[in-house]
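Breakdown of the fold
Listed here are the chains, written in short residue letters.
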Amino acid sequence: MYVFKNVLFEFDKAILIKESTEELDKLYAYLLENDDVFVEIYGHTDAIGSKMHNEVLSKSRAKAVSDYLINKGVKASRISWYGYGSSRPKTTNKTDAGRAINRRVEFKLIKARLFIYIYSK
């Protein structure tokens, strides 16, 4: 699992800020060169706010990253996205520093495997 270090959003929104594109463009370039690689994107929030709001926000942010890659030219079929709200913290939500760490978007690269099914009677 990789954590984007500089993929940031407007406060309490799923709108990417301009500085986020540099890191996303690196992922895009990698996916462009490796068409047998799929990506899963995971959105997370801190524990401030309601559970429902955080789940929706985390899904929206993961989708925003997915949409960015699709708009650049990655096939939608190569991307999956999920939102976990505040259910999977990396550290405490009791401090500002901890909450900042928990507000993140992660991704996992998956190399496609070819499965061949042989039917015999």
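What comes next is a walk through the structure. None of these values were measured; they are calculated from a predicted model.

The biggest cluster of nonpolar side chains holds 19 residues, and the ones touching the most others in it are Phe-4, Leu-27, Leu-31, Val-39, Ile-41, Val-65 and Leu-69. Elements with a minimum of two residues in this core: helix H1 (21-33), strand S2 (37-44), helix H2 (51-72) and strand S4 (104-111). The element contributing the most residues to this core is H2, with five residues. Those residues in contact with Leu-27 that sit more than four places away from it in its chain are Phe-4, Val-39, Leu-69, Phe-107 and Leu-109.

The next thing to look at is the sheet that holds strand S1 (residues 2-3). The sheet built from four strands is open, its strands ordered S1-S4-S2-S3 with mixed pairing. If you trace the sheet from one side to the other, it starts and ends with S1 and strand S3 (79-83), each paired once. Pairing analysis gives two bridges linking S1 to S4, with the strands arranged antiparallel. What sits directly across from Val-3, in S4, is Glu-106. Relative to S3, H2 is tilted by about 160°, and along the sheet it contacts S2, S3 and S4.

A word on the environment of Tyr-30. As for its placement among the helices and strands, Tyr-30 is situated in helix H1. Each C-alpha atom, one on Tyr-30 and one on Gly-43, is 20 Å from the other, the two residues being 13 residues apart in sequence.

Burial within S2 is extensive, with seven of its eight residues counted as buried. When S2 meets S4, the two strands line up antiparallel, connected through eight bridges. Across the sheet, residue Val-37 finds its bridge partner in S4, namely Lys-111. The pairing of S2 with S3 spans five bridges and is parallel. When the sheet's bridge partners are listed, Gly-43 is paired in S3 with Gly-83. You can see the chain leave S2, run along H2 and come back into S3, and the turn it takes is right-handed.

Moving on: the packing of H1 against H2. In the contact formed by H1 and H2, the axes pass within 10 Å of each other and the chain directions differ by 55°. When the axes of H1 and H2 are compared, the pair comes out oblique. Crossing angle aside, the handedness with which H1 passes H2 is right-handed. For the pair H1 and H2, the contacting residues are Thr-21, Leu-24, Asp-25, Leu-27, Tyr-28 and Leu-31 in the first and Val-65, Tyr-68, Leu-69 and Lys-72 in the second.

Moving on: the pattern of salt bridges. Scanning the model with the defined rule gives nine salt bridges in all. The residue Asp-25 makes a salt bridge to Lys-72 at a minimum N-O spacing of 3.5 Å. Taken as a pair, Asp-25 in helix H1 and Lys-72 in helix H2 lie far apart in primary sequence, 47 residues in all. By relative accessible area, which is 26% here, Asp-25 ends up partly exposed. Residues Asp-46 and Arg-103 are paired through a salt bridge, measuring 2.7 Å at the closest nitrogen-oxygen approach. Placement of Asp-46 in the loop between S2 and H2 and of Arg-103 in the loop between helix H3 (96-102) and S4 is noted, with a sequence separation of 57 residues between them.

What counts as what
- Residues numbered from 1 in each chain as written.
- Predicted model: local features only at pLDDT ≥ 70, side-chain atom pairs only at ≥ 80, totals over all residues.
- Heavy atoms only, no water.
- Core = buried A, V, L, I, M, F, W, Y, C linked by side-chain atoms within 4.5 Å.
- Buried < 20%, exposed > 50% of the residue type's maximum accessible area, 1.4 Å probe, protein only.
- Helix = DSSP H or I, 4+ residues; strand = E, 2+ residues; numbered from the N terminus.
- Contact = heavy atoms within 4.5 Å.
- Pairing = 2+ DSSP bridges.
- Axes fitted to C-alpha atoms, helices over the stretch in contact; angles between N-to-C directions.
- Right-handed = clockwise from strand over helix to strand, strands pointing away.
- Parallel < 35°, antiparallel > 145°, perpendicular 65-115°, else oblique.
- Left-handed = near helix turned anticlockwise from the far one by under 90°.
- Salt bridge = Lys/Arg side-chain N within 4 Å of Asp/Glu carboxyl O.

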